[in-house]
Amino acid sequence: GFVLANQVGFVVVQWLANEQQGGFSAYINATTFFLLPIGLFTWSLTTALMPSLSEHAVHERWTEYRVRLSVGIRASTFLMLPAAVGMFILAPAMTATLLEHGIATEVSTDLVAAVLRFFVLGLVQFAVFQLLIRGFYAMQDARTPFLVNCLVVALNIAVNVPMFWWLRAKGLAAGQGIAYTVGVLLLARLMARRLGGIEGRRIAVSALRTVVASAGMGVVVWVFTAVLDTTMIDGVLVARLAALSVTVAAGAAAYLACARLMKVEELEYVRALVRRRRASTQQATGPE
C-alpha cells in the first residue's frame, strides 16, 4: 500500500512534467542526483540502526529506543544538510560535467540543475522521513507510516498542481520538499506521543551546530566554485572532473573542521559507523 500510494503520486508528477518540454527528463535526472546522498548515507545509517531499534522495541526498552532514534535523526541531519548545501552550490557544475555529453545540451543541463536545487531543499526532510518510517517498522507498526504517507502523497499532489503552473518542473521538486516537511512533522509528533518525547531539545541544538558547520563549508565550496568556474563549465572533461573533485574534497575537509570546532557530537558517531562498516567489509572479503 505504501508503494502503491507513491506510484499514484509519481503518475501525477509524470503527467504534469510532460506538459513542459524536457520537464520530465529534467525531473528524472535531477532525482538521480538527489538520491545519491540518500543511497550513500541514509540507507547505511538505517541499516546500522534497525537491529538495535528493533531489539529495544521488542523488549520494550523505550528509553534506549528513544536515545537510538534521536541519534539517527541527528546523524541524518549531520550527513544530509552539508550534502544539500554542497549540491545546491555545485548543481550547475555537476550536471554540466556529468550530463553534457552526446545529446545533452547546455539548456538541458541548466534545467536539470535548476530542478535539483529545488529538490535538495527537501533533502534533510526526506532522509529523516525515511528514518522515522523505519522507526515505526521497528515497533511492528506499518499502519501509521502507511496512513501518514497517504497524507503526504495527497498533499504532494495538491501542492504540485499550483507549483507546476508557477515554477514548472522546478515546482514539482519544491512540492516534494513541502510534502515531506509536513510528513516529518506528523511522524515526529506521533512518535513523540508514543515514546513520551524524542529528545527534541537535543536534536534542535545538534541541528543548529550542523547548520553553522554547513554554512562554513558552503563558503569554502562557493569560493572554490567561483575560482574554478571557467574550468568546471567550459573545460575538457578531465579538467572538469578534477576541478569538481577538488572542490568536493575541500568542502568535506572544511565541514569536518567546522563540525569539530562546533563540537558536533554526531561526528564521532559517524566515524565509528564508518569504522564498523570498513571492518565488516574487510572481514567479509578477507581469506577464509
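For clarity, every value in this text was computed on a predicted model and none was experimentally measured.

Conventions and cut-offs
- All chains use their own residue numbering, which begins from 1 and follows the written sequence.
- For this predicted model, a pLDDT threshold of at least 70 governs which residues receive local features, and a threshold of 80 or more governs which side-chain atom pairs are given and counted, while totals over whole chains, interfaces and linings are taken from all residues.
- Values shown for side chains rest on all heavy atoms present in the structure; no hydrogens or waters enter the calculation.
- The predictor reports its confidence for every residue as pLDDT, a score running from 0 up to 100.
- Think of it this way: any DSSP run of H or I at least four residues long counts as a helix, any run of E at least two long counts as a strand, and we number them from the N terminus.
- Note on exposure labels: buried denotes an accessible area under 20% of the residue type's maximum, exposed denotes more than 50%, and partly exposed covers the range between, all computed with a 1.4 Å probe on protein chains only.
- In this analysis, a patch consists of residues with relative accessible area above 30% that form no salt bridge, clustered at 9 Å for like charges and at 5 Å for the nonpolar side chains Val, Leu, Ile, Met, Phe, Trp and Tyr.
- A 1.4 Å probe and the Shrake-Rupley method give the accessible areas. Residues count as covered only by the protein chains that appear here.
- A carboxyl oxygen of Asp or Glu within 4 Å of a side-chain nitrogen of Lys or Arg is what we treat as a salt bridge.
- When charges are counted, Lys and Arg are positive and Asp and Glu negative, with His and the chain ends excluded.
- Throughout, a charge is located at the NZ atom of Lys, the CZ atom of Arg, the CG atom of Asp or the CD atom of Glu.
- The contact criterion used is simple: two residues touch if any of their non-hydrogen atoms lie within 4.5 Å.
- By nonpolar core is meant a set of buried Ala, Val, Leu, Ile, Met, Phe, Trp, Tyr and Cys residues that side-chain atoms within 4.5 Å join together.

Draft legend 1. Geometry of the confidence of the model for the protein. Model confidence for the protein is summarised by a mean pLDDT of 91, while 94% of its residues fall at 70 or above. Between the elements of the protein, mean pLDDT differs from a low of 72, seen in helix 11 (residues 266–285), to a high of 97, seen in helix 7 (residues 169–195).

Draft legend 2. Unusual backbone geometry, seen in detail. The backbone of R168 shows a phi angle near 60°, a positive value even though the residue is not glycine. In this structure, K263 is a non-glycine residue whose phi angle is positive, near 55°. Relative to the assigned elements, K263 resides in the loop between helix 10 (237–261) and helix 11. On the basis of relative accessibility, which here comes to 66%, the residue K263 falls in the exposed class.

Draft legend 3. Looking closely at a negative patch on the surface. Taken together, the side chains of E106, D110, D229 and D234 define an acidic patch exposed on the protein surface. Looking at the negative patch, the elements with two or more residues in it are helix 4 (106–119) and helix 9 (229–234). Here D229 is to be found in helix 9. D229 gets classed as partly exposed once you look at its relative accessible area, which sits at 38%.

Draft legend 4. Examining the environment of M232 more closely. Tracing the sequence through the fold places M232 in helix 9. On the accessibility criterion, M232 (1% relative accessible area) is buried. As for M232 and T109, which are separated by 123 residues in sequence, their C-alpha atoms are 13 Å apart. In this structure M232 touches L90, A93, T97, T225, R240, A243, L244 and T247, once residues within four positions along its chain are discounted.

Draft legend 5. Structural detail: the nonpolar core. Ranked by size, the top nonpolar core spans 79 residues in total, and within it Y65, L69, L116 and F129 carry the most contacts. With 17 residues, helix 3 (residues 62–99) is the largest single contributor of residues to this core. Here Y65 is in contact with L53, H56, A57, G135, F136, A138, M139, M191 and L195, once residues within four sequence places are set aside.

Draft legend 6. View of a nonpolar patch on the surface. Among the surface-exposed residues, L151, I178, V182 and L186 lie close enough to one another that they form a single nonpolar patch of about 310 Å² accessible area. Of the residues forming the nonpolar patch, the biggest block, three residues, is contributed by helix 7. Here I178 lies in helix 7. The class of I178 is partly exposed, set by a relative accessible area of 37%.

Draft legend 7. Looking closely at the pattern of salt bridges. Counting across every chain of the model gives seven salt bridges. Here E199 makes a salt bridge to R74, at a shortest N to O gap of 4.0 Å. Of the two residues, E199 is situated in the loop between helix 7 and helix 8 (200–227) and R74 in helix 3; the sequence distance between them amounts to 125 residues. Overall, the relative accessible area of 3% leaves R74 in the buried class. Across the pair R194 and D141 runs a salt bridge whose closest N-O atoms are separated by 2.9 Å. Separated by 53 residues along the polypeptide, R194 in helix 7 and D141 in the loop between helix 5 (123–138) and helix 6 (143–167) bring together distant segments of the chain. When salt bridges that share partners are traced, they join R74, E199, R202, E265 and E266 into one network.

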